[in-house]
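# Residue-level structural notes
Chain residues, written in single-letter form:
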Amino acid sequence: MTTNNKQEPILRVENLRQYFTSGTGKKKLVVKAVDGITLTLHKGETLGLVGESGCGKTTTGRSIINLYDIVDGAVYFKDVKIAEGAMQFEKQIDALKEKKKELKKAVKEQEASTSQADLDSFMEDYQKQIKELKSRIRQARRLNAENKDYYDKIQMIFQDPIASLNPRMTVKEIIAEGLRINGERDEKLIRKKVADVLEIVGLLPEHAVRYPHEFSGGQRQRIGIARALIIDPEVLIADEPISALDVSIQAQVINLLNNLKDEFGLSVLFIAHDLSVVKYFSDRIAVMYFGHIVEMADSKELFKNPLHPYTRSLLSAIPVPDPEFERHRKRFAYHPSDHNYGPGNMPEFHEIKPGHWIYASKQEVDNYKKDLK
Amino acid sequence: MAEKNTIEKVLEVKDLAVSFKTTNGTVKAVRGISFDLFKQETLAIVGESGSGKSVTSRAIMGILAGNSIHEGGEIMYAGKDIMKISEEDLHKIRGTKISMIFQDPMSSLNPIMKVGKQISEALRLKMGLSKDEATKRALNLMKEVGIDEAEKRIHQYPFQFSGGMRQRIVIAIALANDAEILICDEPTTALDVTIQAQILDLLNRLKVERNLSIIFITHDLGVVAHMADRVAVMYAGKIVEYGTAQEIFYDPKHPYTWALLSSMPDIETEEKLFAIPGTPPDMHFPPKGDAFAARNKYALGIDFEEQPPMFKISDTHYAATWLLDERAPKVEMPEILQHRIERMRSQHSIDLPGAKGGEKK
């Protein structure tokens, strides 16, 4: 595994939020799929993102490559802000409007503490601020279109190799699509690049004229990887790239990804639910639970010193291919209600030890520090 | 585990072979497999998709697809051959004596029927219980499989349950008529690890409480280690290795078992993984000789010519590979696996099969 000494951040996600809404009025339902996560991916590093289904790990990946417009927070690629959510500004506008209402009400009811002069001076400022915030929102919405070029450097591999390949396109068309979208028209060059990238992922040049259904699951996943590689990405987001594959094929794909990572110096955000694979593949691991990263640390550190109760329960549930071990193991159950969070005792993301982050309240952090070896 | 032999045999599969007629010819899905199932044991059948493990279990349930051909062999249950008896007789066994649960609990349940009714339906049809009695039994079953507030939840629909809870309902239905044999076809593949652990523990508890025999089909070796008393490894329609869980995990003999064990990392693995090259064979045309030979770096010349017989390693441990023949060259299992087994040995102080200085190939 590569060392983290370089520590050059390539992708930074700050306070990312992704909400999905359905219905309107009274039936309106807001699902907070990702609720404020912060993480940094360094150059040449693999960051594993684990959690149960529905915890928001896939949404995180999709938000980063802008398959969804992010609701709040920001994504930086090499210190360039490539996406920003507008919710923070909208909230500020709401707060200002609220304040205006209050002031107007107070003036109307002729309370002693406020006078018409106060309101006038506020209104002057108010218009300016609203204008400013509205322009920030417009800016945020424009941001990812302006930074389209940076998105070429971030590519994604999807979980289901059947659903993610268009059955009516040949392999060559699928792989070359990214080049064509970027304006490449030189057929010879395209053909050469497709052949090269097919070779890199372990397929043959003659496979280029075939259709996806002619391939097995593992080969299809290779096509998906080839498609991601053809425009020379620097960051690869791999969303459960092996969970749809057969056991004997999974190892082939893991080894391929490992080779590619070393060969091209890729930084990988590896999203998965299988902890043993994530441990094997990642330098650092972030554990997600219900839209939050609850713990993030070096992968060895996380397995040695799991602090958050959810991480512990997850680690205690990994099936191990060792019958004697399985016979005597104890499992922990995680109860979110044990946390006892409330006003004045709200959880935050703390760095409890260099490189080891945990989502906990102040009081809990003190307790965890005692457990720390 | 030698005393297992004296324990009652509940199911015996002998030389079972099943094919399917398709537009492209016949697919030989299961090609002559034999195994026994004893009282209160879990037999795990491991293999990748297409190895014939699901077909085997469907044959035992008598729910093979219409285009299947029974090529030979028998499945003996209570003195009768399940492959030969009439549909009417099979009806008396299926669901009452032998039950099955599937991978996706949502598709096993009727989405527009309350779960309580789905459980009591099984009781009323098979046991002829009255409505009240059946509902009472259903309530008890729901409590037994660990559903809280069963009185309230009995009136809910499947969509109101989480994946793990749905699988618990399916287990309750399968066990409603006090089945003797429970076939689990990848019951936890669709579930999260923490939920998976709960369902596995539930199955283990029920096995003891209800004196069940379980056939557990999966491709996850970690799950096998947790569940199985004995393991059968299947590849291309054949059982290639067969033994107790300890023998399979600490002293595997077949190259395919080696490959399976070393192709997945465990939490301590750092070495490069041992990937099995290629893909499983096309079962329209099963290869001559050992089906795994083409993907096996340890394959001998004879592997491509002749089917290896089952070599006996111990009373409970058999493997079909020419490497066990006395004329075969001595080969070692992949390094990554050697390391892992050594590590496991050093962690457990008890005697494990195939310890150093034990039998050699």
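Quick summary incoming for the structure in this document. Everything quoted here is computed from the prediction, not taken from an experiment.

## Things to note about the overall build of chain A
- Looking only at helices and strands, chain A features 13 helices and 12 strands.
- Overall, chain A is about 85 × 60 × 45 Å in size when its C-alpha atoms are taken along their principal axes.
- Evaluated residue by residue, chain A yields a buried proportion of 40% over its 373 residues.
- For chain A, restricting intrachain contacts to residue pairs at least 6 apart in sequence, the fraction spanning at least 24 positions comes to 66%.

## Examining the nonpolar core
- Core analysis: the largest hydrophobic core is formed by 193 residues, its most contacted members being Phe270 and Val287 of chain A together with Ala172 and Val233 of chain B.
- When residues in this core are grouped by element, the largest group, 8 residues, is from helix α7 (residues 163-175) of chain B.
- Contacts of Phe270 of chain A, omitting those with residues within four sequence positions, involve Thr46, Leu47, Gly48, Leu49, Ala238, Val278, Phe281 and Ser282 of chain A.

## Concerning the pairing of strand β7 (residues 235-239) of chain A
Residue and element names in this part refer to chain A.
- For β7, a buried count of 5 out of 5 residues is recorded, marking the element as mostly surrounded by other parts of the structure.
- Here β7 shows two buried faces, one formed by Val235, Ile237 and Asp239 and the other by Leu236 and Ala238.
- Strand direction decides the pairing type here: strand β6 (residues 154-157) and β7, joined by 4 bridges, are parallel. Its bridge partner lying in β7, Met156 is registered against Ile237.
- Relative to strand β8 (residues 267-272), β7 is paired through 5 bridges, and the arrangement is parallel. Bridging from a neighbouring strand, Leu236 pairs with Val268 of β8.
- In this fold, β7 hands off to helix α8 (residues 247-264), which returns the chain to β8; that crossover is right-handed.

## Points about the environment of Thr170 of chain A
Residue and element names in this part refer to chain A.
- By the element assignment, Thr170 lies in the loop between β6 and α5 (171-181).
- For the pair formed by Thr170 and Ala317, sequence separation is 147 residues and the distance between their alpha carbons is 42 Å.
- Leaving out residues up to four positions away in the same chain, Thr170 has contacts with Ala208, Val209, Arg210 and Tyr211.

## A closer look at the pairing of strand β10 (residues 238-244) of chain B
Residue and element names in this part refer to chain B.
- Among the 7 residues in β10, 7 count as buried, and that is most of the element.
- Of the strand pairs in this sheet, strand β9 (residues 230-235) and β10 are connected by 6 bridges, and their pairing is antiparallel. Within the sheet, the bridge partner assigned to Val231 lies in β10 and is Gly243.
- Hairpin geometry of β9 and β10 is characterised by an intervening segment of 2 residues between the two adjacent antiparallel strands and by a positive phi of about 50 degrees at Ala236.
- Pairing between β10 and strand β12 (residues 318-319): 2 bridges, direction antiparallel. From the neighbouring strand, Tyr242 faces β12, where its bridge partner is Tyr318.

## Examining the interface of chain A and chain B
- Taken together, the contacts link 31 residues of chain A with 35 residues of chain B.
- At the level of secondary structure, the elements contributing two or more residues to the side of chain A that touches chain B comprise α8, α9 (275-281), α11 (309-317) and α12 (323-328) of chain A.
- Top contributing element to the side of chain A that touches chain B by residue count: α8 of chain A, with 7 residues.
- Looking at the side of chain A that touches chain B, its residues break down into 14 nonpolar, 10 polar and 7 charged.

## Digging into helix α2 (residues 87-108) of chain A
- For α2 of chain A, built from 22 residues, the straight-helix expectation of 32 Å at 1.5 Å per residue is met to within 8% by its first-to-last C-alpha distance of 31 Å.
- After α2 of chain A finishes, the residue Gln110 of chain A shows a positive phi value of roughly 55 degrees.

## What to know about the environment of Ile175 of chain A
Residues and elements named next belong to chain A.
- Relative to the helices and strands, Ile175 resides in helix α5.
- Each C-alpha atom of the pair Ile175 and Val197 lies 8.8 Å from the other, and the pair is 22 residues apart in sequence.
- Those residues in contact with Ile175 that sit more than four places away from it in its chain are Val194, Val197, Ile223, Ala226, Arg227 and Ile230.

## Regarding helix α5 (residues 131-144) of chain B
Residue and element names in this part refer to chain B.
- In a regular helix each residue adds 1.5 Å, so 14 residues correspond to 20 Å; α5 covers 20 Å between its end C-alpha atoms and thus fits that length.
- Taken together, the buried residues of α5 touch α4 (115-127), α6 (150-153) and α7.
- Positive phi shows up at Gly146, right after α5, with a value of about 85 degrees.

Calculation rules
Residues numbered from 1 in each chain as written. Chains lettered and ligands numbered in written order. Predicted model: local features only at pLDDT ≥ 70, side-chain atom pairs only at ≥ 80, totals over all residues. Helix = DSSP H or I, 4+ residues; strand = E, 2+ residues; numbered from the N terminus. Buried ≥ 20, exposed ≤ 12 C-beta atoms within 10 Å, placed from the backbone. Contact = placed C-beta atoms within 7 Å. Core = buried A, V, L, I, M, F, W, Y, C linked by C-beta atoms within 7 Å. Pairing = 2+ DSSP bridges. Right-handed = clockwise from strand over helix to strand, strands pointing away. Nonpolar A, V, L, I, M, F, W, Y, C, P; charged D, E, K, R; others polar. Expected span 1.5 Å × (residues − 1).

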